Amino acid sequence: EEEAFELGAVFRDLQLLLREQAITRHTAVHIGEDYVPITLIGDRTALTHALLELIQNGIIAVNSHDKGEVCLSAWQETDRVCIQVKDNGPGFAPDRLEGFNVSSESTEASLQGIGLAVVSSIVQKLRGEFSLNNRPEGGACATLILPRTT
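These figures come from a predicted structure and were not determined experimentally.

1. Let's talk about the overall build of the protein
Phase 1: A tally of regular secondary structure across the protein gives 4 helices and 7 strands.
Phase 2: Written out in order from the N terminus, the α and β elements of the protein read β-α-β-β-α-β-β-α-α-β-β.
Phase 3: Going through the 150 residues of the protein one by one, you find that 43% of them count as buried.
Phase 4: Taking all contacts inside the protein whose residues are at least 6 apart in sequence as the whole, residues at least 24 apart take part in 70%.
Phase 5: Surface exposure of the protein reaches about 8,000 Å², of which carbon and sulfur atoms provide 51%.

Next comes the structure, spelled out in structure tokens:
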């Protein structure tokens, strides 16, 4: 459902939703917001779901690290909003970066693939762009670029 909403409110919701999972998996989840409040018009629930999927994937990916971290950040440009989820896990396998291959196996890795397909579908419905990259320093980065009115 289309509505005007503050991205910061979505970030606060995510912090509450993820608190227990982050503690259980010994992962630091850093959720920040640009200093200027960011208002979007679009489907808040769908965006929350997409970001939740990405952060949960990051938490799963860094679970084996002593100092696992997942960071969510956002900033606005003239006519769009950029949102990134980064982690310090092992990064994406090369085949994952080529079209978000989804496996029928029921492992955490395949669930991540399904989650990425869901995120991609949500971002398309929000008229945005979605990309995945491996960070040069290690870890993964998912970027959503949304129009100011999603």
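2. Focus on the nonpolar core
Phase 1: Formed by 38 residues in total, the largest nonpolar core has its most connected members in Leu-7, Leu-14, Leu-47, Leu-51 and Ile-83.
Phase 2: Counting only elements with at least two residues in this core, the list comes to helix H1 (7-24), strand E2 (27-31), helix H2 (44-62), strand E4 (68-76), strand E5 (80-87), helix H4 (108-125), strand E6 (129-134) and strand E7 (140-147).
Phase 3: In contact with Leu-47, not counting residues within four places along its chain, are Phe-5, Leu-7, Leu-40, Ile-83, Ile-122, Leu-126, Leu-144 and Leu-146.

3. Considerations on the environment of Gly-139
Phase 1: Mapped onto the elements, Gly-139 comes out in the loop between E6 and E7.
Phase 2: With a relative accessible area of 3%, Gly-139 lands in the buried category.
Phase 3: Once the C-alpha coordinates of Gly-139 and Asp-87 are considered, the two residues, 52 residues apart in sequence, prove to be 5.2 Å apart.
Phase 4: Excluding its chain neighbours within four sequence positions, the residues that come into contact with Gly-139 are Asp-87, Asn-88, Gly-89, Gly-91, Asn-133 and Asn-134.

4. Looking at H2
Phase 1: Between its terminal C-alpha atoms H2 stretches 27 Å, which fits the 27 Å expected from 19 residues at 1.5 Å a residue.
Phase 2: Where H2 begins, the capping side chain belongs to Asp-43, and its oxygen is found 3.2 Å from the backbone nitrogen of Thr-45.

5. Observations concerning the pattern of salt bridges
Phase 1: Using the criterion set out here, one finds 3 salt bridges in the structure.
Phase 2: Put simply, Asp-13 and Arg-44 hold a salt bridge, and the shortest N to O gap is 2.6 Å. Of this pair, Asp-13 sits in helix H1 while Arg-44 sits in helix H2, and the two are 31 residues apart along the sequence.
Phase 3: According to the relative accessible area criterion, Arg-44 is partly exposed, its value standing at 21%.
Phase 4: Note that Glu-77 is salt-bridged to Arg-80, the shortest N-O span being 2.7 Å.
Phase 5: A relative accessible area of 29% means that Arg-80 is categorised as partly exposed.

6. Regarding the environment of Leu-54
Phase 1: For Leu-54, the location among the structural elements is in helix H2.
Phase 2: Along the sequence, Leu-54 and Gly-115 sit 61 residues apart, while their C-alpha atoms lie 7.5 Å from each other.
Phase 3: Leu-54 has contacts with Val-85, Leu-116, Val-119, Phe-130, Ala-142 and Leu-144, leaving out every residue within four places of it along the chain.

7. As for the confidence of the model for the protein
Phase 1: In this model, the protein carries an average pLDDT of 84, and 83% of its residues clear a pLDDT of 70 or more.
Phase 2: The least confident element of the protein, judged by mean pLDDT, is helix H3 (residues 94-97) at 72; the most confident is E5 at 95.
Phase 3: Counting interchain partners and residues more than four positions distant, the pLDDT-below-50 stretch residues 100-111 has 16 contacts.

8. Quick look at the side chain of Thr-143
Phase 1: Relative to the elements of secondary structure, Thr-143 occurs in strand E7.
Phase 2: Thr-143 gets classed as buried once you look at its relative accessible area, which sits at 10%.
Phase 3: A distance of 3.1 Å separates the side chain of Thr-143 from the side chain of Gln-84, its partner in a polar contact.
Phase 4: Among residues more than four places away in sequence, those in contact with Thr-143 are Ile-83, Gln-84, Glu-129, Phe-130 and Ser-131.

Rules used in this analysis
- Every chain is numbered on its own, with residues counted from 1 as its sequence reads.
- Since the coordinates come from a predicted model, pLDDT governs what is reported: local features require at least 70, and pairs of side-chain atoms require 80 or more to be given and counted, while whole-chain, interface and lining totals use all residues.
- Hydrogen atoms and water are omitted, and side-chain values are computed over all heavy atoms in the structure.
- Secondary structure elements are defined from DSSP: runs of H or I of at least 4 residues count as helices, runs of E of at least 2 residues count as strands, and each element is numbered from the N terminus.
- Only protein chains enter the calculation, and the probe is 1.4 Å; a residue is then buried if its accessible area is under 20% of its type maximum, exposed if over 50%, and partly exposed in between.
- Two residues form a contact once any of their heavy atoms are found within 4.5 Å.
- For accessible areas, the Shrake-Rupley method is used with a probe of radius 1.4 Å. Any residue's cover is judged against the shown protein chains and nothing else.
- Residues belong to one nonpolar core when they are buried, are Ala, Val, Leu, Ile, Met, Phe, Trp, Tyr or Cys, and are joined through side-chain atoms within 4.5 Å.
- Expected span of a helix: the number of residues minus one, times 1.5 Å.
- Under this definition, polar contacts are N or O atom pairs within 3.5 Å; protein pairs additionally need one hydrogen-donor-capable and one acceptor-capable atom, and for neighbouring residues in sequence, both atoms have to be side-chain atoms.
- Only one rule defines a salt bridge in this text: a Lys or Arg side-chain nitrogen within 4 Å of an Asp or Glu carboxyl oxygen.
- For every residue, the pLDDT score states the predictor's confidence, bounded by 0 at the bottom and 100 at the top.

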